[in-house]
Amino acid sequence: MRIGLFIPCYVDAVFPEVGVATYKLLRHLGLDVTYPQKQTCCGQPMANAGFEKQAIPLAEKFEDLFKDFDYVVAPSVSCTAFVRINYSRLLNHECETAKRCMDVVEFLHDVVKVNRRLGTFPHKVSLHNSCHGVRELGLSSPSEHHEKKFNKIKDLLQLVDGIDVVEPERPDECCGFGGMFSVEETAVSAQMGLDKVERHIQTGAEYISGPDCSCLMHMAGVARKQGKKIEFKHVVEILAAGL
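Here the residue numbering is sequential within each chain, running from 1 through the sequence in written order. Selection of residues for local features in this predicted model requires a pLDDT of at least 70, selection of side-chain atom pairs for listing and counting requires 80 or more, and totals for whole chains, interfaces and linings are taken over all residues. Note: side-chain values were computed over all heavy atoms of the structure, leaving out hydrogens and water.

Student: I would appreciate a short explanation of the layout of surface pockets in the present structure.
Tutor: Vacant regions in the atomic arrangement are exposed by a probe of water-molecule size rolled over the atoms. Of the grid points, spaced at 1 Å and generated over the protein atoms alone, those admitting a 1.4 Å probe that cannot get out make up cavities, while open sets with protein on both sides within 12 Å along at least five of seven lines make up pockets; any residue with an atom within 4 Å of a point is treated as lining. Grid points are joined across faces, edges and corners, and a volume is the space filled by probe spheres set on the points. Put simply, the largest pocket is a space of about 500 Å³. Every helix listed is a DSSP run of H or I at least four residues long, and every strand listed is a run of E at least two residues long, numbered separately from the N terminus. If you list the elements that add at least two residues to the lining of the largest pocket, you get α1 (9–14), α3 (44–48), α5 (77–91), α8 (131–135), α10 (180–184) and α12 (213–226). Following the grouping adopted for this structure description, the nonpolar residues are Ala, Val, Leu, Ile, Met, Phe, Trp, Tyr, Cys and Pro, the charged ones are Asp, Glu, Lys and Arg, and the polar ones are all others, Gly among them. A per-class count over the lining of the largest pocket returns 16 nonpolar, 10 polar and two charged. For the second largest pocket, the calculated volume is near 230 Å³. Lining the second largest pocket are 13 residues; nearest its centre among them are Ser141, Pro142, Ser143, Lys149 and Pro171. Taken together, the residues of the lining of the second largest pocket break down into three nonpolar, six polar and four charged.

Printed below as a string of structure tokens:
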């Protein structure tokens, strides 16, 4: 199968190491991965701010750029969710490319079905379940549903040698980022972030990890401002550690 690697704009500009780790991990697993040149933002910021028409040309470009791949894989649950859920509506036609867009966690768990040992990360890690991942991509079970608990992120992390994975109290409560929400409701966003970071710290973890850089970025900013001693790594960086 041919995989088109989609690296969202904020990952490319602020967290390039996450894009590199994603490519490295997929190649390590023997997969055929291509990074198409000239890819751009998926349009989520414009649409979330109420300017959906400005997102349409970006959706059209995305569809054209990735149309020949079997899967489009991205290290971002929010961008993946936006593409998969909204593109057909924005473009006013069934978008097969968008349907094949997957977050790297669900791709590795559901399609590749990785079951071999990966890298090494001898640290205690508190798992952050981002809202888009839980409630739109189904990476873990929502706490408001009375169903058997599952967590695809945790399943993958447990393939890493030496790691101790824990979860905070209220494991799928929002960290407060929410894109435009953090700009429009700064005080509420900051307090939610502080509450979430405190719950992660209470686990005794050395690191907080999750599938979305935006959530990790928000919490890391809160932690630094408050002088909290805890580190942050995207889940794919841990999966690729030591490979």
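Let us keep going from here.
Student: How should I be thinking about the packing of helix α11 (residues 186–201) against α12 in this particular structure?
Tutor: Each packed pair of helices is defined by two parameters, the angle between the axes and the distance between the axes. It is the contact of α11 with α12, at a shortest axis distance of 9 Å, that shows an interaxial angle of 85°. Classified by the angle their axes make, α11 and α12 are roughly perpendicular. Judged by residue contacts, Ser189, Ala190, Gly193, Leu194, Lys196, Val197 and His200 of α11 engage His218, Met219, Val222, Ala223 and Gln226 from α12. Under this scheme, a helix contributes an axis fitted over its contacting stretch, all axes are lines through C-alpha atoms, and angles between N-to-C directions fall in the 0 to 180 degree range. Roughly parallel here means an angle under 35 degrees, roughly antiparallel means over 145, roughly perpendicular means 65 to 115, and every remaining angle is called oblique. Two residues qualify as a contact provided that any one of their heavy atoms is within 4.5 Å of a heavy atom in the partner residue.

Student: How should empty space enclosed by the protein be read in this particular structure?
Tutor: Tallied over the full model, the rule gives one cavity of 30 Å³ or more. Of the volumes computed, that of the largest cavity is approximately 50 Å³.

Student: I tried to follow the sheet that holds strand β6 (residues 164–166) on my own but got confused; where do I start?
Tutor: Strands belonging to one sheet form pairs held by backbone hydrogen bonds; the direction of such a pair is parallel or antiparallel. Strand order in this open sheet of four strands is β6-β5-β7-β8, and the pairing throughout is parallel. Strands with a single pairing partner mark the edges of an open sheet, and in this sheet they are β6 and β8 (231–234). On average, each strand axis in the sheet is inclined to that of its neighbour by 30°, with strand direction left out of account. In the sheet, strand β5 (residues 124–127) pairs with β6 via three bridges, with the strands oriented parallel. Whether two strands pair depends on DSSP finding at least two bridges between them.

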